[in-house]
Amino acid sequence: MAGGGTRNWRLVRADTDAVPPSARRFMARARQRRLRAAMPWLIGAGVLLVVGGLAWLVYGTSVLGVRDVRVVGAVTLTADEIRGAAAVEPLRPLARVDLDAVGSRVRGLPAVDRVLVRRSWPSAVVVEVVERTAVAAVPAQDRFLLIDDEGVPFRAVAAPPEGLPLARLATPGAGDGNTASALTVLAALSEELREQLVAISVPSPVQIRLELRKGRVVIWGDDTKSERKSTVATVLLKQKGDEIDVSAVKVVTIR
């Protein structure tokens, strides 16, 4: 350069108006394509974050933990007895409570026949029980064992409930033959016989006898043809006599 001077360079940013419209449109479309391509990933990442946060909240914290165990259907059992058997850990995340395990523990109570366990959001476990219903009381030393219609002894009481017949059985239980015979006969009795029944005695499956009020007895024999025997015995109740023998239905006697 003349005069020996130095050349100075200066970077000048071009105004957007200097970019041709076609180039600007191309760059805009490129940005939109990149944004559309990234959008599913962004949405997926957001969903994962939300789901992960909710899962952690529900399964990993006590925010939705157990604060109440509600008992429904208890009659002879107390709510505390059932809660104790359920053994649900306080503040345990409700979603992580093993309902089957809780039901199994409650079902272990002798008086429980059926149980249903469910979650009640946000913080309760509901335990619904159906207790066994006593059909007879078995004398056992200084107490009485209540048995249900399956022969299961489920509660010991000091005195049998009013109106419940006694069942004189040596070894009451669901697998006991004498118990099964007693239940078969009890299920076949007419209303008249039920009203007068005091006890059923089963020393063996072929020596069943009913003890009625006023000292009357019905010799039943075995548990076969029990419905027919019940019908015949009900008719003979109207006749005088302290002992009714229906063990052989075709040849009944009354003395």
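Residues numbered from 1 in each chain as written. Predicted model: local features only at pLDDT ≥ 70, side-chain atom pairs only at ≥ 80, totals over all residues. Heavy atoms only, no water.

The number of helices and strands found in the protein is six helices and twelve strands. Counted over contacts in the protein with a minimum sequence separation of 6, partners at least 24 positions apart contribute 44%. When the accessible surface of the protein is split by element, carbon and sulfur atoms take 57% of a total near 16,200 Å². (Helix = DSSP H or I, 4+ residues; strand = E, 2+ residues; numbered from the N terminus. Contact = heavy atoms within 4.5 Å. Areas by Shrake-Rupley, 256 points an atom, 1.4 Å probe, with all protein chains shown as cover.)

Within the structure shown, the criterion is met by eleven salt bridges. For R118, the salt bridge is made with E128, and the minimal N-O distance between the two is 3.0 Å. A residue pair is termed long-range when its members are at least 10 positions apart, and R118 in strand β2 (residues 112-120) and E128 in strand β3 (residues 124-131) qualify at ten residues. Notably, a salt bridge pairs K229 with D222, separated by 3.2 Å at the nearest N-O pair. (Salt bridge = Lys/Arg side-chain N within 4 Å of Asp/Glu carboxyl O.)

With that settled, consider the sheet that holds strand β1 (residues 68-72). Taken in spatial order, the three strands make up an open sheet running β1-β3-β2, and their pairing is mixed. For this open sheet the edge positions go to β1 and β2, each flanked by a neighbour on one side alone. Strand after strand, the sheet turns through a mean of 20° between neighbouring axes, direction not considered. Packing against the sheet, helix α2 (residues 79-86) makes contact with β1 and β3, and its axis sits at approximately 125° to β1. (Pairing = 2+ DSSP bridges. Axes fitted to C-alpha atoms, helices over the stretch in contact; angles between N-to-C directions.)

Listed in full, the buried residues belonging to α2 are I82, A85 and A86. Burial along α2 is one-sided: seen end-on, the buried residues are contained in an arc of 100°. α2 presents D80 and G84 as exposed residues on the side facing more than 90 degrees away from its buried surface. Of the residues flanking the end of α2, it is A87, one or two places downstream, whose phi is positive at about 50°. (Buried < 20%, exposed > 50% of the residue type's maximum accessible area, 1.4 Å probe, protein only. Arc of directions from axis to C-beta.)

Let's shift gears to unusual backbone geometry. Looking along the chain, the bond that leaves W121 and enters P122 is cis, with omega of 15°. Relative to the helices and strands, P122 resides in the loop between β2 and β3. Although it is not a glycine, L91 adopts a positive phi angle of roughly 65°. Along the chain, L91 falls in the loop between α2 and α3 (99-107). Positive phi, close to 50°, is recorded for K225, a residue that is not glycine. Structurally, K225 is set in the loop between β10 (217-221) and α6 (226-236).

What follows deals with the pairing of strand β9 (residues 208-212). Side-chain alternation along β9 places I208, L210 and L212 on a buried face and R209 and E211 on a face that remains uncovered. Between the antiparallel neighbours strand β8 (residues 197-201) and β9 lie six residues. Taken together, the four bridges between β9 and β10 define a ladder with antiparallel strand orientation. Bridging across to β10, E211 finds its partner in V217.

Our focus in this paragraph is the side chain of T179. Structurally, T179 is set in helix α4 (residues 177-188). Leaving out residues up to four positions away in the same chain, T179 has contacts with I147, G151, L169, T171, P172 and G173.

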